[in-house]
Amino acid sequence: MSSYSWIGILLLGLALLRSCSSAEVTYDSNALIINGQRRIIFSSAVHYPRSTVEMWPDIIQKAKDGGLDAIETYIFWDRHEPVRRAYDFSGNLDFIKFLKLIQDAGLFVILRIGPYVCAEWNYGGFPLWLHNIPGIVLRTDNPIYKNEMQVITTKIVNMAKEAKLFASQGGPIILAQIENEYGNVMGDFKDPVKTSAYIKWCAQMAVAQNIGVPWIMCQQSDAPQPMINTCNGHYCDQFKPNNPKSPKMFTENWIGRFQKWGEKAPHRTPEDSAFSVARFFQTGGILNNYYMYHGGTNFGRTSGGPYITTSYDYDAPLDEYGNLNQPKWGHLKQLHAAIKLGEKILTNETRIDKDFGNGVWSKTYTNNATGERFCFLSNSDANKDANVELMQDGKYFVPAWSVTILDGCNKEVFNTAKVNTQTSILVKKSDDGTTNLNWSWKPEPIKDTLKGEGKFKAPRLLEQKDLTLDASDYLWYMTTVAINDTTIWNNATLRVGTMGHTLHGYNGTNVITLLSATVGLANYGYGFDMKKTGIAGGPVQLVGKNNETIDLSNNLWSYKVGLNGEKKRLYDLQPRIGVSWVNGASKTYPVERPMTWYKADFNSPFGTNPVVVDMQGMGKGHAWVNGHSIGRYWPSFISSADGCSDTCDYRGDYKPEKKCSTNCGETSQRWYHVPRSYLNNEKNTLILFEEIGGNPTNVSFQTITTGTV
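Nothing here was measured: the structure is a model prediction, and the numbers come from that model. Numbering of residues starts from 1 in each chain and follows the order in which that chain's sequence is written. Local features in this predicted model are restricted to residues whose pLDDT is 70 or higher, and side-chain atom pairs enter the listing and the counts only when it is 80 or higher, whereas totals over whole chains, interfaces and linings include all residues. Side-chain descriptors were evaluated using all non-hydrogen atoms of the structure, hydrogens and water having been removed beforehand.

Considerations on the pattern of salt bridges
Salt bridges are defined by distance alone: a side-chain nitrogen of Lys or Arg within 4 Å of a carboxyl oxygen of Asp or Glu. Counted by the stated rule, this structure contains 33 salt bridges. For R301, the salt bridge goes to D473, with nearest N and O atoms at 2.9 Å. Here R301 is found in the loop between β11 (285-294) and α8 (328-340), whereas its partner D473 is found in the loop between α11 (464-468) and β22 (474-480), with 172 residues between them in sequence. Neither residue differs from the other here; R301 and D473 are each classed as buried. Salt-bridge contacts for R670 lead to D614; the nearest nitrogen and oxygen are separated by 2.8 Å. Numbering of helices and strands runs from the N terminus; a helix is a DSSP stretch of H or I covering at least four residues, while a strand is a stretch of E covering at least two. Exposure categories follow from relative accessible area, calculated using a 1.4 Å probe and restricted to protein chains: below 20% of the type maximum is buried, above 50% is exposed, and the middle band is partly exposed.

Structure (C-alpha cells):
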C-alpha cells in the first residue's frame with residue numbers, strides 16, 4: 001500500500017473522530033457558546049412533513065447558502081402516533097433522516113419537541129385520540145395528560161439519542177424546546193396554581209431527559225431555571241429574558257404569514273424583515289430563527305385553523321416549492337454576512353448607546369480584549385429619514401424605518417432599507433400533455449344516507465370530532481320526522497345551528513339528512529381542543545307555515561362517519577371490486593354537480609421544475625395524484641376585492657391584515673403543489689373529490705420557473 005493511501009486512511013479516521021466527538025453547548029447573556037466558541041446563530045424553520053424526502057437536501061443547502069447556521073423544526077406528534085402506542089416514522093415523517101441530512105450539510109439543529117406545536121397544523125399537532133381519554137385536560141397539571149406528554153417526549157429524545165444527534169453526543173442538536181407559547185394562554189386557565197405547577201413539571205421532566213444541551217421555552221416569562229425563555233413575534237428587540245444570565249433569543253421571527261381560505265395573500269417586505277432582525281441584534285440578541293424559512297405544503301388533511309389553505313408558503317425566503325423568493329432570500333443573506341462580520345465583537349463586548357432623538361440611536365459594541373468596534377445605527381421613525389453625524393466616524397444617511405450596520409463603526413456594510421437583490425417572479429408554464437384532460441367520473445354513493453341508514457344512533461346531536469376522531473372531514477346526521485298536516489309543512493324551512501365548517505342538507509320522504517364537513521381543526525388558543533365542530537347540540541328545527549316549529553334536536557339521530565368513496569378508497573390506484581367509472585370519452589361528464597369523483601390520466605411534465613395543478617373552475621374538495629394526497633382545494637372561495645394596492649410601504653409596524661396584501665378579488669389558492677417524487681415517468685392519475693360542484697374542463701398541470709423583474 002502506498003504512503004498516500006495510508007495518509008488518506010489517517011485523514012478519514014481523523015474526520016470520523018471529529019464527526020463523533022461531543023460538543024459542549026453553554027451560554028451566557030452575550031453568546032451561545034459551542035465548544036468554547038462564542039456564537040450568534042441564524043436559524044431557519046423548516047418542517048419535515050411539509051415537504052418531501054427528495055426535497056430536503058436542496059432546501060437544507062439553500063438555507064446554508066443563505067448564510068444560516070441552523071435549521072429548526074417541530075416534532076409532529078399526531079403524525080408520529082396516529083393510534084395510541086402505534087408509531088410512524090416512515091417517508092417524510094423520518095425526522096431522524098432529516099436531522100442527519102442537516103448535520104451532513106454542516107448545520108446545527110434546534111429541536112422543538114413541544115409536543116404541542118400550534119403551527120397552523122391540525123389540532124395543534126395533538127393526536128385526536130387524546131381528546132377521548134376520560135378525565136384528560138390538555139396542557140395543564142393533569143396527570144393523564146402529563147403521562148402522555150412524557151411518553152412521547154421520552155420516545156423522541158431516546159430516538160435522537162440512539163442516533164447520537166445531540167451535540168453532547170457529537171450530533172447537530174444544540175437546543176431543544178419543551179411546551180410552546182404556553183404563556184400566551186395560561187392566564188385563561190384561571191388557575192395559576194395548576195398552570196404554574198404544570199410549567200415547573202415541564203421543565204423538570206425535560207431536564208430529567210439528560211440530553212446535554214440547553215432547553216428553551218418560548219413566550220414563557222415565568223420559565224423556571226434552567227429553561228431559557230425566548231420571544232416570538234414580528235419584532236423582539238424590546239424583549240428581555242427573565243434571567244440576566246440568559247441569552248436573548250428570537251425563536252419565531254414571523255417572516256410572513258399563513259393564509260386562510262377567503263383571505264388575501266399576505267406579504268412582509270424584505271426591508272421590514274431585515275429591520276426586525278438588525279434591531280434585535282442591535283439590542284443584544286444572539287439567536288434569530290425565521291418562521292418560516294421554507295413553509296411548504298399542508299399535504300393531506302394536516303392544515304388547521306380552521307380554514308387554513310393547503311399552501312403554507314408563508315411568504316418565506318424559500319417558497320412553497322423550494323425556489324428562492326427574491327429579493328427576500330438575497331437581502332437577508334447579505335444581512336447575515338454583515339452581522340457575522342461583528343460576531344466576535346458582539347459576543348465579547350461592552351455596549352454604549354447614544355440617542356440622537358426622533359427615533360434615531362446608535363449602539364457601539366467594543367471588544368474588551370482588542371478594542372475593535374462594531375456599530376448599529378437605527379432610525380425607527382416610520383416617516384422621516386435622518387442624516388447622522390458620528391464625528392470622526394463620518395456622516396451617514398439612515399432612511400426611515402431602517403438600520404445601518406457599520407463595520408469598525410466607520411464603514412457602512414449594510415442598510416436594511418437598501419435592497420440590491422433582483423426581484424424574482426414565478427412563471428407558470430402549461431404542458432401540452434396535461435391540457436384537455438380526458439375525465440372519467442363517478443357519483444359519490446349516498447343512497448344509504450338519504451334513506452337515513454347510518455352505523456349507530458343517539459337521541460341527541462353529537463359533536464363531530466368525538467365521532468370521527470378526524471379520520472374524515474365528513475359526518476352524516478340523519479333523522480326521520482312525522483308530519484301530520486301537510487298544509488302547514490309544505491315548503492317548510494330547515495333551520496340548523498352548526499359549528500361548521502360547511503354543511504349540506506338533503507331531504508327525502510320524512511327523512512332529513514345533513515352532511516357536516518370540517519376544514520381543519522382549531523390549533524391555537526385556550527381550550528382550542530374543546531372547540532366543538534359539526535351540529536353539536538344544534539338546534540335543528542323545522543319551521544312551517546305561520547312560524548310553527550318542530551325542534552328535532554332530541555330526535556333519534558343516525559350517524560355515519562366519512563364518505564362511501566373514502567371507504568372504497570377511490571383515490572387509490574389499485575382496482576376495487578365493484579367500483580366502475582363512467583368514461584367521459586363515451587359520455588359527457590357532469591359539471592357543477594356536488595358529491596362527484598373525477599379521474600384523469602396525464603403524462604409527467606417535462607423537466608425538473610416544480611409541478612402544480614391548476615384547479616381553476618373547481619369548487620371545494622380533495623385531490624390525489626397517484627394515490628398521494630396533495631391536500632384540500634377550494635378555488636371557489638374568493639378573497640375580498642379591497643385592501644390591496646400597487647405599492648407597499650415597508651415603513652412602520654407590520655400588520656398582516658392591514659398592509660402589503662395582494663391577490664384581492666381572486667381565489668385564495670388556485671395552484672396546488674405536486675411534488676416530482678409523486679410522479680411516474682409515464683402515466684399518472686389525478687383523482688378529485690368535488691364536494692360542492694365544479695367544472696374540471698380547465699384543470700391542467702403546469703411547471704414553475706423563476707423569472708425576474
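Considering the packing of aromatic side chains
Two rings from Phe, Tyr or Trp (for Trp, the six-membered ring) form a pair when their centres are within 6.5 Å of each other. A pair whose planes differ by under 30 degrees is stacked, one over 60 is edge-to-face, and the rest are tilted. In total, this model carries 45 aromatic pairs according to the counting rule given. Seen from their ring centres, Y74 and Y291 are 6.5 Å apart, and the 65° between their planes marks the pair as edge-to-face. Taken together, the positions of Y74 in strand β5 (residues 70-74) and Y291 in strand β11 put the pair 217 residues apart, joining distant regions of the chain. Accessibility expressed as a relative area gives 2% for Y291, which makes it buried. With 5.9 Å between their ring centres and 75° between their planes, F126 and Y145 make a pair best called edge-to-face. Within this pair, whereas F126 is found in the loop between β6 (108-114) and α5 (143-162), its partner Y145 is found in helix α5, the two being separated by 19 residues in sequence.

Quick notes on the nonpolar core
Ranked by size, the top nonpolar core spans 126 residues in total, and within it L335 and I339 carry the most contacts. To form a nonpolar core, buried Ala, Val, Leu, Ile, Met, Phe, Trp, Tyr and Cys residues must be joined to one another through side-chain atoms within 4.5 Å. Counting residues in each nonpolar core, the second largest holds 27 residues, with L437, Y589, Y672 and V699 among its members.

Description of the environment of T153
Mapped onto the secondary structure, T153 falls in helix α5. Once the C-alpha coordinates of T153 and W77 are considered, the two residues, 76 residues apart in sequence, prove to be 9.3 Å apart. Any two residues having at least one pair of non-hydrogen atoms within 4.5 Å are treated as being in contact. Residues contacting T153, with those up to four places away along its chain left out, are I113, P115, I178, M205 and Q209.

Focus on the sheet that holds strand β28 (residues 557-561)
Strand pairing requires that DSSP identify at least two bridges connecting the strands. If you trace the five strands from one edge of the open sheet to the other, you get β21-β28-β22-β25-β24, paired in antiparallel fashion. The outermost strands of the open sheet, each flanked by one partner alone, are β21 (456-458) and β24 (502-507). Here the strands of the sheet are splayed against their neighbours by 25° on average, with no regard to which way each runs. Pairing between β22 and strand β25 (residues 511-517): seven bridges, direction antiparallel. Residue M478 lies in a different strand from β25, and its bridge partner there is T513. Simply put, an axis is a line fit to the C-alpha atoms, just over the touching stretch for a helix, and the angle between two N-to-C directions goes from 0 to 180 degrees.

Focus on the pairing of strand β35 (residues 683-690)
Burial analysis of β35 places seven of its eight residues in the buried class, which makes it a mostly covered element. The pairing of strand β30 (residues 596-603) with β35 spans eight bridges and is antiparallel. Bridging across to β35, W597 finds its partner in F689. Here five bridges tie strand β32 (residues 621-625) to β35, and the two strands are oriented antiparallel to one another. Opposite H622, over in β35, you have F689 as the bridge partner.

With respect to the UniProt feature "domain: Glycoside hydrolase 35 catalytic" (unreviewed entry) in the protein chain
What UniProt calls "domain: Glycoside hydrolase 35 catalytic" (unreviewed entry) maps, in this numbering, to residues 32-338. Along residues 32-338 one finds 27% helix and 19% strand; the C-alpha atoms at either end are 19 Å apart. UniProt positions are given in the numbering used here, feature names are shortened, and annotations may be inferred rather than shown by experiment.

Quick look at α8
With 13 residues, α8 ought to run about 18 Å at 1.5 Å a step, and its terminal C-alpha atoms sit 18 Å apart, in line with that. Those residues of α8 that sit buried are K328, W329, G330, H331, L332, L335, H336, A338 and I339. Expected helix span is given by 1.5 Å per residue-to-residue step, counting one fewer step than there are residues.

Side note on unusual backbone geometry
Omega for the peptide link from Y291 to M292 comes to 0°, which places this bond in the cis form. One can find M292 in strand β11. Positioned with a positive phi, W401 is a non-glycine residue whose angle comes to about 55°. Inspection of the secondary structure assignment puts W401 in the loop between β16 (395-398) and β17 (402-407). For C409, which is not glycine, the phi torsion reads 65° and is therefore positive. With respect to the helices and strands, C409 occurs in the loop between β17 and β18 (411-415).

Considerations on the confidence of the model for the protein chain
What pLDDT expresses is the predictor's confidence in each residue, scored from 0 to 100. For the protein chain, mean pLDDT is 94; residues scoring 70 or higher make up 96% of the total. The low-confidence segment residues 1-19 (pLDDT under 50) makes four contacts with residues lying over four places distant or belonging to another chain.

A look at the UniProt feature "domain: Beta-galactosidase beta-sandwich" (unreviewed entry) in the protein chain
Those residues carrying the UniProt feature "domain: Beta-galactosidase beta-sandwich" (unreviewed entry) are residues 364-419 in this numbering. Here residues 364-419 is 0% helix and 54% strand, with 24 Å between the C-alpha atoms at its ends.

Observations concerning the packing of helix α7 (residues 270-282) against α8
Following both chains from N to C, one finds α7 and α8 inclined at 20°, their axes separated by 9 Å at the closest point. Considered as vectors, α7 and α8 are oriented roughly parallel to each other. In the crossing of α7 with α8, the sense of the turn from one axis to the other is right-handed. Residues P270, E271, S273, A274, V277, A278 and F281 of α7 touch α8, and the partners they reach there are K328, H331, L332, L335 and I339. The residue classification treats Ala, Val, Leu, Ile, Met, Phe, Trp, Tyr, Cys and Pro as nonpolar and Asp, Glu, Lys and Arg as charged. All others, Gly included, are polar. Its residues assigned to classes, the contact of α7 with α8 shows eight nonpolar, two polar and two charged. For classification purposes, angles smaller than 35 degrees are called roughly parallel, those larger than 145 roughly antiparallel, those between 65 and 115 roughly perpendicular, and all remaining angles oblique. By convention the crossing between two helices is left-handed if the near helix lies anticlockwise of the far one by an angle smaller than a right angle, and right-handed if it lies clockwise.

Brief notes about the pairing of β6
Counting buried residues in β6 gives six out of seven residues, a clear majority hidden from the surface. As paired elements, β5 and β6 share five bridges and run parallel to each other. Residue I71 lies in a different strand from β6, and its bridge partner there is V109. Bridge analysis of β6 against strand β7 (residues 173-178) gives five bridges, and the strand direction is parallel. Directly across from I110, in β7, lies its bridge partner L175.

Topic: the packing of helix α2 (residues 56-65) against helix α4 (residues 95-104)
Two packed helices can be described by the angle between their axes and the distance between those axes. The contact between α2 and α4 brings their axes to 10 Å, and the two run at 40°. Accordingly, the angle class assigned to the pair α2 and α4 is oblique. Remark: the crossing between α2 and α4 carries right-handed chirality. Counted together, W56, P57 and I60 of α2 and K97, F98, L101 and I102 of α4 form the full contact between these two elements. Of the residues that constitute the contact of α2 with α4, the class distribution is six nonpolar, no polar and one charged.

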